[in-house]
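Below are the chains, spelled out letter by letter.
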Amino acid sequence: MQKLETKNVQLHYGEFHALKGITMSFEPNTVTALIGPSGCGKSTYLRLFNRMNDLIPNVKIKGEVLLDGKDIYKKSAGMRIDELRKKVGMVFQKPNPFPKTIFENVAYGLRVNGINHAGFVEERVETSLRQAALWDEVKDKLKKSAFELSGGQQQRLCIARALAIEPSIILMDEPASALDPISTAKIEELIYELKTKYTIIIVTHNMQQAGRVSDKTAFFYLGELVEFDATPVIFTNPTHSQTQDYVTGRFG
Amino acid sequence: MTHLDTELKRLKDEILEMFNLVCSQLEKGKESLLTLDKSLAREVNFNEKRVNALELKIDKDCENIFALFNPLAIDLRFVLAVLKINSNLERIGDIADGIARYVAETETIFDKELLQVTELEKMYNMAIEMMKDAQQAFDQENTKLARGVFKKDDMLDDINGKANSVLASFIQKHPEKTMQALHIVSTIRKLERTGDQAKNIVEETIFYIEAKVLKHLSTAAKQE
């Protein structure tokens, strides 16, 4: 079974038709990159999977969005939004640590879900920070404010925070675009390691990044899915001329 | 290891596999030629498909690395070198296949005197030695060993240069063995080209390690 799927999804922001009949599927333990020019619908599509678009006024969604075969927009899936967001973590473009200690940032998701046993929380915080390749850098200052960390460290802290509640899917919306090249490289290596355990979808404007980290790439343009294929194919011999024009920098 | 490092290591393992395959083809080709072992010759012909298939795979892997990782500096030189070495090895594979093809089709074992005067076995051994040196130099990033290959190629060129006059004398003495002599000269030319390909391989190896371009330089200049 595919981990995630959309079937003929249409999304309108009022009169604006933002997503036009998107049908895609995502295999477990893969990284899929969503690329395309600004305003093409990549982030809108990404936000389908944790229902963040619900927060936007006048949004209308048709079609199916399936997680493990169940439509997350239907009551029959038996999944509340908070339960959905435990399974589907998200990392945003700008690092957004909470105004708390490093430890409490990672522990927050556990505490909100009623997990407060000290030993368990400590173990989960350490595991998450290790998975996010941050433990060695922060293990001696867990009580310090998260704001004392560099931008790259803050972003890895946000990834650890997402991992703490053990999602199966991680959504990343341009996770490295606000970071310096070294931090970007660390995030990319992290993504490459995380895919052994998680299904990851990443929106990126950086095509070289898509090439480096993803197994499959989807090219969006004006709300449509133009092409979706293995990343080596998209970057060496795309089928559609629009895709070729985009990846070669001739437009967008 | 980064993702790129993993891909580069995989590419290196593949090109070393290609080296092993092609060297094996040359050795079997030599054995089949000297003993007229047709079964061994047919084995070389059959394995030529493997050589070609591996060449295509390596080409594709290089293309993917360029497209997906934009390698720079030594990584870029490495992938460029592998792309060219791959092509050189495939040509050597063709040469081994061509020699074996003759063996598979002929009924006459080579005259011992003919083999001796042309120094064919010595030339063949030298060509195989050059290939092994080239492989080791690439694998161990040993540019000193790589540079040693240039002098060995001069020895091959020397034998090739003498071949015409040697064979002309032989044919005068043994006109009934003219066809054999012509096949020998064809084999000598093939081995000379093998030496050239081995030289190209070490030039690419030195390029990737030292960023020096040795193409079109004299043997002496290449040693510097």
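These numbers come from a predicted model, not from an experiment.

Asks: Before we go on, may I ask you to explain the overall build of chain B in this structure?
Replies: Within chain B, the secondary structure is distributed over eight helices and zero strands. Ordered by position in the sequence, the α and β elements of chain B form the string α-α-α-α-α-α-α-α. Here the C-alpha atoms of chain B give a radius of gyration of 19 Å, agreeing with the 17 Å that 2.2 N^0.38 yields for 224 residues. Along the first, second and third principal axes, the C-alpha atoms of chain B reach 65 × 40 × 20 Å. Residue burial in chain B is summarised as follows: out of 224 residues, 37% are buried. Residue pairs at least 24 apart in sequence account for 80% of intrachain contacts in chain B once pairs closer than 6 positions are excluded.

Asks: Help me understand helix α7 (residues 181-194) of chain A, please; the structure alone is not making it clear to me.
Replies: Residues spaced three or four apart along an α-helix face the same direction, because each turn holds 3.6 residues. All names here are of chain A. Its 14 residues give α7 an end-to-end C-alpha distance of 20 Å, which sits within 8% of 20 Å, the value for a rise of 1.5 Å per residue. Burial in α7 covers these residues: Lys186, Ile187, Glu188, Leu190, Ile191 and Leu194. Buried residues along α7 sit against β3 (31-35), α6 (151-164), β7 (169-173), β8 (199-203) and α8 (207-213).

Asks: Teacher, can you tell me more about the sheet that holds strand β1 (residues 4-13) of chain A here?
Replies: Sheets are built from strands paired through backbone hydrogen bonds, the pairs being either parallel or antiparallel. Residues and elements named next belong to chain A. Strand order in the open sheet formed by four strands is β2-β1-β4-β5, and the pairing between neighbours is antiparallel. Only two strands of the sheet have a single neighbouring strand rather than two, namely β2 (16-26) and β5 (70-71). Note that β1 and β2 share eight bridges and pair antiparallel. Bridging from a neighbouring strand, leucine 11 pairs with leucine 19 of β2.

Asks: It is not clear to me how the pairing of β7 of chain A should be interpreted in this structure. Could you clarify?
Replies: Within a regular strand, the side chains alternate between the two sheet faces. Residues and elements named next belong to chain A. For β7, the tally of buried residues reaches five of five residues, placing the bulk of the element in the interior. In β7, alternate side chains face the same way, and those of Ile169, Leu171 and Asp173 on one face and Ile170 and Met172 on the other are all buried. Relative to β7, strand β6 (residues 88-91) runs parallel, the two being bridged by four bridges. Bridge pairing links glycine 89 to isoleucine 170 in β7. Judged from the five bridges that link them, β7 and β8 form a sheet pairing that is parallel. Looking across to β8, one finds that leucine 171 is bridged to isoleucine 201.

Asks: Before we go on, may I ask you to explain the sheet that holds β3 of chain A in this structure?
Replies: Residues and elements named next belong to chain A. Here six strands make up an open sheet; going across it, the order is β6-β7-β8-β3-β9-β10 and the pairing mixed. One side of each edge strand has no neighbouring strand; the edge strands of this open sheet are β6 and β10 (224-230). Put simply, the sheet's adjacent strands are angled 15° from each other on average, direction ignored. In the sheet, strand β9 (residues 216-221) pairs with β10 via six bridges, with the strands oriented antiparallel. Within the sheet, the bridge partner assigned to tyrosine 221 lies in β10 and is glutamate 224. Where α6 meets the sheet, it contacts β6 and β7, and its direction lies at approximately 170° from that of β6.

Asks: It is not clear to me how the interface of chain A and chain B should be interpreted in this structure. Could you clarify?
Replies: Between chain A and chain B, the contact holds nine residues from the first and eight residues from the second. Going through the elements one at a time, α7, α8 and α9 (231-236) of chain A are the ones with two or more residues in the side of chain A that touches chain B. The biggest single contributor to the side of chain A that touches chain B is α9 of chain A, with four residues. For the side of chain A that touches chain B, the per-class residue count stands at three nonpolar, four polar and two charged.

Asks: Would you take a moment to explain the packing of helix α5 (residues 120-140) of chain B against helix α6 (residues 143-173) of chain B for this structure?
Replies: When two helices pack together, their arrangement is given by the angle between the helix axes and the distance between those axes. Residue and element names in this part refer to chain B. Closest axis-to-axis distance for the α5/α6 pair is 9 Å, and the angle between their directions is 165°. For the element pair α5 / α6, the angle class is roughly antiparallel. The two elements α5 and α6 meet at a crossing, and its hand is left-handed. Between α5 and α6, the residues in contact are Met123, Met126, Ala127, Glu129, Met130, Asp133, Ala134, Gln136 and Ala137 and Leu145, Ala146, Gly148, Val149, Lys152, Asp153, Met155, Leu156 and Ile159, respectively. Residue composition of the contact of α5 with α6, by class: twelve nonpolar, two polar and four charged.

Asks: Quick question: what am I supposed to make of the environment of arginine 101 of chain B here?
Replies: As for its placement among the helices and strands, arginine 101 of chain B is situated in helix α3 (residues 73-105). Separated by 60 residues in the primary sequence, arginine 101 of chain B and alanine 41 of chain B have C-alpha atoms spaced 6.7 Å apart.

Asks: Would you explain unusual backbone geometry in this entry?
Replies: Most of the time, phi is negative for any residue but glycine, and the peptide bond is trans. A positive phi angle is found at glutamate 166 of chain A, which is not glycine, with a value near 55°. As for its placement among the helices and strands, glutamate 166 of chain A is situated in the loop between α6 and β7. Backbone geometry places glutamate 141 of chain B, a non-glycine residue, at a positive phi of 55°. Summarising the element assignment, glutamate 141 of chain B is placed in the loop between α5 and α6. Glutamate 141 of chain B sits in the partly exposed class, given 14 other C-beta atoms within 10 Å.

Asks: Just to check I follow, could you spell out the packing of helix α2 (residues 38-69) of chain B against α3 of chain B for this structure?
Replies: Residue and element names in this part refer to chain B. Interaxial distance between α2 and α3 falls to 9 Å at its minimum, and their mutual angle equals 165°. Taken together, α2 and α3 sit at an angle that is classed as roughly antiparallel. Where α2 crosses over α3, the handedness of that crossing is left-handed.

Rules used throughout
- Residues numbered from 1 in each chain as written.
- Chains lettered and ligands numbered in written order.
- Predicted model: local features only at pLDDT ≥ 70, side-chain atom pairs only at ≥ 80, totals over all residues.
- Helix = DSSP H or I, 4+ residues; strand = E, 2+ residues; numbered from the N terminus.
- Rg over C-alpha atoms; globule rule 2.2 N^0.38 Å.
- Buried ≥ 20, exposed ≤ 12 C-beta atoms within 10 Å, placed from the backbone.
- Contact = placed C-beta atoms within 7 Å.
- Expected span 1.5 Å × (residues − 1).
- Pairing = 2+ DSSP bridges.
- Axes fitted to C-alpha atoms, helices over the stretch in contact; angles between N-to-C directions.
- Nonpolar A, V, L, I, M, F, W, Y, C, P; charged D, E, K, R; others polar.
- Parallel < 35°, antiparallel > 145°, perpendicular 65-115°, else oblique.
- Left-handed = near helix turned anticlockwise from the far one by under 90°.

By themselves, these observations are geometric and do not establish any function.
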